[in-house]
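Here is what each chain is made of, one letter per residue.
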Amino acid sequence: MAPTPPDDHASDRRNLDWYVDRGMRWIVTVGGVSAIVFIIGIFAFVTREGFPFLFDGFEAGEFFGSPAWRPTSEPNPTYGALALIAGTASVTGLAVLSAVPFSLGAAIYIAEFATGRTREVLKVLVELLAAIPSVVWGFIGLSMMNPLIIAIFDVPVGLNVLNAGLILGLMAAPIMTTIAEDALKAVPDAYREAGEAMGATRWQVTMRVVLPAAKNGLMAAVLLGVGRGFGETMAVLMASGHSINLPTSPFDSVRALTATIAAELGETAVGSEHYQALFTLGMLLFAVTFSINLAADLFVRGVRRG
Amino acid sequence: MADPAAVQTQAFNLWYGTFQALYDVDITVAAGRITSLIGPSGCGKSTLLRSINRITERLGYVRTTGSIEVYGHPIIGPAVSLVQVRKQIGMVFQRPNPLPLSIRENVLFGWKLHNEGPKATRAQEDEIVEQALRTVLLWDETKDRLAHTATGLSLEQQQKLCIARLLPVKPRLLLMDEPCSALDPKGTEAVEELIWTLRGAYTILLVTHNMAQARRASDDCAFMLMGRLVEHRSTNELFVAPEDPRTGDYIEGRYG
């Protein structure tokens, strides 16, 4: 017969430990719940500010279909976000293209090949790279990449998709590297041992065993990098040229959703149509980054299940 | 010249960092037979086994002196191809470790690594898979789900699969490191039977913690203690009339 489990409240003596336990339990519960409260609160706030516009001035056809973002044009302001969406998408796309090979390479090197000190130093350096403020990246884009792009490609302006994409790629790379490395580390060592015992080289083991086993985690790493790119504001504002454009080449200047909000919000009257339209952009951003993060999370869960 | 021994070590010493795990091991393992390595935990039996396909080197801080020859060829030295060594010497681990691939791809994994000829057709691959799985008595259970992932099999089936995947590259020596210790009694019996059917076609070196298993399932038996080889004779003799008093004490269960 199974013994009855002791009731852990009744048998407890109310000494100091008991109170500390209760108190700490309460504090961490508040901490955990507050995350939910904040995320719902932010979503509610953004929605509330943008909501009137959704019912009044908003036309989905214009918002998603027209590149004309002319909120200050009198008497007929237009709110076409297509160019802004295209700007964000093109910059983020290029960022991912440039960051993925480097990040995967770095993660594979750190997780599978580097040993001892090299590995530790590299990990710290990659994390340091993630700590560089975005305005510094924007500064690099503005003052170093800009003249470089003008000189190399012989184009009139160096603040464009290429510049912002590369800067954003550099910013996303450390996050992708760190998460991808975690994904590779999570692959049980028994698999590597099995592969090597059969005569596979380290590289063969990496390609044929470790990467397939870690593919969900690697996918999550890429998605979180994309999420980082979507939400980044300052560096993109500084490096992209900030002009409304449907880009046809990497040398076109563009304007990103985030940069638009940052640049215009301070100059609008609270509650005006323009103000509300900016919050609608915010809702769009929120929805996209939320979906990306959710997708990444589902991929990681896939790893645990499989 | 007589048939060379399957494994012959001479004055083999091994250190993990500064800890010496093997002392002057001289052992000659006869070809085509099953030899079990027994001894208490930490006696070096697994270390010796793992030295024979040099998987010990993964740790990075292992040093050795002395020599190991497998079928007359040295396996340690600058001229030796580690890939070739590991191709000819299959290894089965304590916990079944099928790769997170399909059953079919597990069987073909080693073969694809070492196949230097033209790429095999699907039919040839099917043939290889069927033959390997038939040899390990796993074909009937798995033939309808070769595309399923191998990690979904029972532990017994996984361990059989881990043996099956070694066979397509035609190794001559199989090293087994307590291959049944993660299995239930029924699985143990099935895998032991399988090991017995492989006898003759392969030389098998089997580390076991289980003296009854050594007695049932091996032709020869070697007893190790504190990193040294104490006694190595036919299993019957060793269990019935051990020469060394330490062997006698161990098989009677006085320690270990």
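Residues numbered from 1 in each chain as written. Chains lettered and ligands numbered in written order. Predicted model: local features only at pLDDT ≥ 70, side-chain atom pairs only at ≥ 80, totals over all residues. Heavy atoms only, no water.

Draft legend 1. Structural detail: the packing of helix α5 (residues 134–153) of chain A against helix α6 (residues 161–185) of chain A. Residues and elements named next belong to chain A. Taken N-terminus to C-terminus, the directions of α5 and α6 make an angle of 135°; their axes are 9 Å apart at the nearest point. On the basis of their axis angle, the class for α5 and α6 is oblique. At the point where α5 passes α6, the crossing takes the right-handed sense. In contact with S134, W137, I140, G141, M145, N146, I149 and F153 of α5, α6 contributes L162, N163, L166, I167, L170 and M171. (Axes fitted to C-alpha atoms, helices over the stretch in contact; angles between N-to-C directions. Helix = DSSP H or I, 4+ residues; strand = E, 2+ residues; numbered from the N terminus. Parallel < 35°, antiparallel > 145°, perpendicular 65-115°, else oblique. Left-handed = near helix turned anticlockwise from the far one by under 90°. Contact = heavy atoms within 4.5 Å.)

Draft legend 2. Layout of the pattern of salt bridges. All told, the structure shown has 27 salt bridges over all chains when counted by the stated rule. Measuring nitrogen to oxygen at the nearest pair gives 2.4 Å for the salt bridge that ties D126 of chain B to R104 of chain B. Of the two residues, D126 of chain B is situated in helix α4 (residues 122–135) and R104 of chain B in helix α3 (residues 103–114); the sequence distance between them amounts to 22 residues. Exposure remark for D126 of chain B: the relative accessible area of 34% places this residue in the partly exposed category. The class for R104 of chain B is buried, based on a relative accessible area of 7%. Among the charged side chains, a network of salt bridges with common partners joins E112, D189, R192, E196 and R202 of chain A together with R58 of chain B. (Salt bridge = Lys/Arg side-chain N within 4 Å of Asp/Glu carboxyl O. Buried < 20%, exposed > 50% of the residue type's maximum accessible area, 1.4 Å probe, protein only.)

Draft legend 3. Representation of helix α7 (residues 189–197) of chain A in the model. All names here are of chain A. Most of α7 is tucked away, with 7 of its 9 residues classed as buried. Where α7 is concerned, the buried positions are Y191, R192, E193, A194, G195, E196 and A197. At the C-terminal side of α7, G199 shows a positive phi close to 100°.

Draft legend 4. The arrangement of the interface of chain A and chain B in detail. Taken together, the 17 residues of chain A in the interface contact 22 residues of chain B. Summed over both partners, the interface of chain A with chain B buries about 1,700 Å², with 63% contributed by carbon and sulfur atoms. Across the chain A-chain B interface, the total number found is 3 salt bridges. Here E196 of chain A and R58 of chain B are joined by a salt bridge, their closest N and O atoms 3.3 Å apart. Our enumeration of links across chain A and chain B arrives at 5 residue pairs in polar contact (both at pLDDT 80 or more). Those elements giving two or more residues to the side of chain A that touches chain B turn out to be α7 and α8 (202–213) of chain A. (Buried area = accessible area lost by both parts, 1.4 Å probe. Polar contact = N/O pair within 3.5 Å; in protein donor to acceptor, adjacent residues only side chain to side chain.)

Draft legend 5. Representation of the nonpolar core in the model. Membership of the largest hydrophobic core comes to 56 residues, with the highest contact counts inside it found for L184 of chain A together with L133 and I204 of chain B. Considering each element in turn, this core owes the most residues, 6 residues, to α3 of chain B. Once you skip the residues sitting within four places of it in the chain, L184 of chain A turns out to touch A107, I108, A111, E112, R192, V210, L211, A214 and L218 of chain A. A6, I52, I55 and I75 of chain B belong to the second-largest nonpolar core, a separate cluster that totals 31 residues. (Core = buried A, V, L, I, M, F, W, Y, C linked by side-chain atoms within 4.5 Å.)

Draft legend 6. How the structure looks around the sheet that holds strand β9 (residues 220–225) of chain B. Residue and element names in this part refer to chain B. Read from one edge to the other, the open sheet built from 6 strands follows the order β6-β7-β8-β3-β9-β10, with strand pairing classed as mixed. Pairing within the sheet leaves two strands with one partner each, and these edge strands are β6 (89–92) and β10 (228–234). Across the sheet, the axes of successive neighbouring strands diverge by a mean angle of 15°, strand direction being ignored. Here 4 bridges tie strand β3 (residues 34–38) to β9, and the two strands are oriented parallel to one another. Paired with S36 across the strands is C221, a residue of β9. (Pairing = 2+ DSSP bridges.)

Draft legend 7. Quick peek at the pairing of β3 of chain B. Residue and element names in this part refer to chain B. In terms of residue burial, β3 counts as a mostly covered element, since 5 of its 5 residues are buried. Alternating residues of β3 divide into I34, S36 and I38 and T35 and L37, and every residue in both groups is buried. Examined bridge by bridge, β3 and strand β8 (residues 203–207) share 4 bridges and lie parallel to one another. If you follow T35 over to β8, its bridge partner there is L205.

Draft legend 8. Summary view of the domain arrangement of chain A. Domain assignment breaks chain A into domain 1 (18–56) and domain 2 (89–261 + 289–305). Computed over C-alpha atoms, the centres of domain 1 of chain A and domain 2 of chain A are 30 Å apart. (Domains from an automatic or database assignment.)

Draft legend 9. Looking closely at the pairing of β8 of chain B. Residue and element names in this part refer to chain B. The element β8 is extensively covered by neighbouring structure, given that 5 of its 5 residues are classed as buried. Burial of the side chains of β8 extends over both faces: T203, L205 and V207 are buried on one face and I204 and L206 on the other. Looking at chain direction, strand β7 (residues 173–177) and β8 are connected through 5 bridges and run parallel. Considered in β8, the bridge of M176 is made with L206. For the crossover from β7 across helix α7 (residues 185–198) to β8, the handedness is right-handed. (Right-handed = clockwise from strand over helix to strand, strands pointing away.)

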